[in-house]
Amino acid sequence: MELTRMSDHFATTAQITVADLDAIKAQGFKAIICARPDGEGEGQPDFYEIAAAADEIGLTARYVPVDPTGATEADHAAFEKAMEGLSGSVLGYCRTGKRAGMLWQGLQVAN
């Protein structure tokens, strides 16, 4: 899994699977945020499947389904709300990792 570090506490990656969660936790992440809608790509695991498995190993999972054509103001607001209360490192993911990174950058500009 290739990570793009956006800050000391936030990184992005392309689509993850349940099998990736132990490695994500081992790398020190405390939470994951999905920034792609379910069913966006063939064979993508359902977010709720990933969230249930994440919960079993102590990772917080949040969902901000952003359309691949671009994030709206509502998406940015939902991402900001999803980040509230999270401590430690967070991994954002989507089909390519770009939307998660864009949401993070938007949050940094807004604050």
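An unreviewed UniProt entry annotates the protein chain as TIGR01244 family phosphatase of Cognatishimia activa.

Undergrad: Which parts of the structure should I look at to understand the pattern of salt bridges?
TA: Side chains bearing opposite charge may pair, as long as their charged atoms lie close to each other. Here the structure, examined in full by the defined rule, presents three salt bridges. Between Arg-36 and Asp-38 there is a salt bridge, and its shortest N-O distance comes to 2.6 Å. On the basis of relative accessibility, which here comes to 27%, the residue Asp-38 falls in the partly exposed class. The residue Arg-95 makes a salt bridge to Glu-40 at a minimum N-O spacing of 3.9 Å. Here Glu-40 lies in the loop between strand S3 (29-34) and helix H2 (47-56) and Arg-95 lies in the loop between strand S5 (89-93) and helix H4 (98-110), a separation of 55 residues in the sequence. Residue classification places Arg-95 among the partly exposed residues on the basis of a relative accessible area of 45%. One connected set of salt bridges, linked through shared partners, spans Glu-40, Arg-95 and Arg-99.

Undergrad: When you look at the packing of aromatic side chains in this model, what are you seeing that I'm missing?
TA: Two aromatic rings are characterised by how far apart their centres lie and by the angle between their planes. All chains considered together, the criterion is met by five aromatic pairs. With centroids separated by 6.0 Å and ring planes inclined at 90 degrees, the aromatic side chains of Phe-10 and Phe-79 adopt a geometry described as edge-to-face. Placement of the pair is Phe-10 in strand S2 (residues 10-13) and Phe-79 in helix H3 (residues 73-83), with a sequence separation of 69 residues. A residue is classified by how much of its surface remains accessible, and Phe-79, at 1% relative accessible area, is buried. Look at Phe-47 and Tyr-48: their rings are 5.1 Å apart centre to centre, the planes differ by 75 degrees, and that puts the pair in the edge-to-face class. On the accessibility criterion, Phe-47 (3% relative accessible area) is buried. Judged by relative accessible area, which is 52%, Tyr-48 ranks as exposed.

Reading guide: rules and limits
- Per chain, residue numbering runs from 1 following the sequence as it is written.
- Reporting of local features is limited, given that this is a predicted model, to residues whose pLDDT is at least 70; pairs of side-chain atoms are given and counted only at 80 or more, and all residues count toward the totals for whole chains, interfaces and linings.
- Side-chain measures here rest on the full set of heavy atoms in the structure, leaving out hydrogens and waters.
- Just to be clear on terms, a salt bridge is a Lys or Arg side-chain nitrogen sitting within 4 Å of an Asp or Glu carboxyl oxygen.
- For each residue, the accessible area found with a 1.4 Å probe, counting protein chains only, is set against the maximum for its type, and the residue is called buried under 20%, exposed over 50%, and partly exposed in between.
- Secondary structure follows DSSP: runs of H or I at least 4 residues long count as helices, runs of E at least 2 residues long count as strands, and numbering of each begins at the N terminus.
- Two rings from Phe, Tyr or Trp (for Trp, the six-membered ring) form a pair when their centres are within 6.5 Å of each other. A pair whose planes differ by under 30 degrees is stacked, one over 60 is edge-to-face, and the rest are tilted.

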